[in-house]
Amino acid sequence: GADGVEPQVSMERAVRWPGKAEQDRRLAEAGLAVARLEAADALHEAGRALLRDWYALQRDRALALLWQQQRDSQAALVETSGKRVQAGAAARSEWTGQQAALAQLDARLVQARAEVEAGLAAWRSRYPLLSPPEVPNPAEEPQAPEPATLPGVLEQLTTADHGVRKALAEAQWAHARAERTA
């Protein structure tokens, strides 16, 4: 009746669409391929950031070394000018000008050293497991590199460059696929 409750009866049975398992498998493979590409991209970007930070730190250190060398050279000029002024062979204004230049170089050296320290602090905070790169001492005699041979250079290029390694791997894969179909 109008005030009565009608019972709802239903029968449920799982229906499997034809080809659904194959579609699920292809969808999973596509998702896995996307995840692999995203992981490779993230690894690539991390490598680029590491390299960028490494070069920035090396640049800051090289600039600080350059300012130190300039400062040392200017200090020698101040000393020489002072001796010339005492001997009466130079005007006092030359010596005061040299001292002013030395003061400017001292300020730039302090700034450069502060930038190196800031770069080291940033390096340590971003890469706590990596020690900062070492700077070679210019006073030490550089070691002569081993002579390069063409096979050695090609080996270094193929192992060091990601793009070359990827191209070689794709070529090997295409070669193997062509052998299977032949």
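Structural notes, computed from the coordinates. Small disclaimer: the values here were computed from a predicted structure and weren't measured.

Cut-offs applied
Residues numbered from 1 in each chain as written. Predicted model: local features only at pLDDT ≥ 70, side-chain atom pairs only at ≥ 80, totals over all residues. Heavy atoms only, no water. Helix = DSSP H or I, 4+ residues; strand = E, 2+ residues; numbered from the N terminus. Buried < 20%, exposed > 50% of the residue type's maximum accessible area, 1.4 Å probe, protein only. Contact = heavy atoms within 4.5 Å. Areas by Shrake-Rupley, 256 points an atom, 1.4 Å probe, with all protein chains shown as cover. Expected span 1.5 Å × (residues − 1). Patch = residues over 30% accessible without salt bridge, like charges linked within 9 Å, V, L, I, M, F, W, Y side chains within 5 Å. Salt bridge = Lys/Arg side-chain N within 4 Å of Asp/Glu carboxyl O. Core = buried A, V, L, I, M, F, W, Y, C linked by side-chain atoms within 4.5 Å. Axes fitted to C-alpha atoms, helices over the stretch in contact; angles between N-to-C directions. Parallel < 35°, antiparallel > 145°, perpendicular 65-115°, else oblique. Left-handed = near helix turned anticlockwise from the far one by under 90°. Phe/Tyr/Trp six-rings, centres within 6.5 Å; stacked < 30°, edge-to-face > 60°.

Observations regarding the overall build of the protein chain
- A count of helices and strands for the protein chain gives 4 helices and 0 strands.
- Traced from its N-terminal end to its C-terminal end, the protein chain shows the element sequence α-α-α-α.
- By residue count, 14% of the 182 residues in the protein chain fall in the buried class.
- At a minimum sequence separation of 6, the contacts of the protein chain that also span at least 24 residues come to 67%.
- In the structure as shown, the protein chain presents an accessible area of about 15200 Å², 58% of it carried by carbon and sulfur atoms.

Observations concerning helix α1 (residues 20-87)
- Here α1 spans 100 Å end to end across 68 residues, near enough to the 100 Å set by a 1.5 Å rise per residue.
- Where α1 ends, the next residue or the one after it, Gly-88, has phi of about 85°, a positive value.

Some thoughts on a nonpolar patch on the surface
- Taken together, the side chains of Leu-51, Trp-54 and Tyr-55 present a nonpolar region at the surface, about 310 Å² in accessible area.
- Inspection of the secondary structure puts Leu-51 in helix α1.

With respect to the pattern of salt bridges
- Across all of its chains, the model carries 10 salt bridges by this definition.
- Among the ionic pairs, Arg-48 bridges to Glu-45, the shortest N-O distance being 3.4 Å. In this pair, Arg-48 and Glu-45 both sit in helix α1, 3 residues apart, roughly one turn of the helix.
- For Glu-45, a relative accessible area of 37% gives the class partly exposed.

Notes on the nonpolar core
- Counting 8 residues, the largest nonpolar core is built from Ala-49, Leu-57, Ala-64, Ala-112, Val-116, Leu-120, Trp-123 and Tyr-127.
- The set of elements that each furnish at least two residues to this core consists of α1 and α2 (92-126).

Section: the packing of α1 against α2
- One can describe the packing of α1 onto α2 by two numbers: an axis separation of 8 Å at closest approach and a directional angle of 160°. Taken together, the axis directions place α1 and α2 in an arrangement best described as roughly antiparallel. Remark: the crossing between α1 and α2 carries left-handed chirality.

Quick look at the packing of aromatic side chains
- For the coordinates displayed, the defined rule picks out 2 aromatic pairs.
- Consider the rings of Trp-54 and Tyr-55, whose centres lie 4.9 Å apart with planes at 80°: the pair is edge-to-face.
- According to the relative accessible area criterion, Trp-54 is partly exposed, its value standing at 30%.
- Relative to Tyr-127, the ring of Trp-123 has its centre 4.8 Å away and its plane inclined at 55°; by these criteria the two rings are tilted. The two residues Trp-123 and Tyr-127 agree in class, both being buried.

Structural notes on the side chain of Gln-74
- Turning to its location among the elements, Gln-74 is positioned in helix α1.
- On the accessibility criterion, Gln-74 (11% relative accessible area) is buried.
- In this view, Gln-74 contacts Gln-98, Ala-101, Leu-102 and Leu-105; residues no more than four positions away in its chain are not counted.

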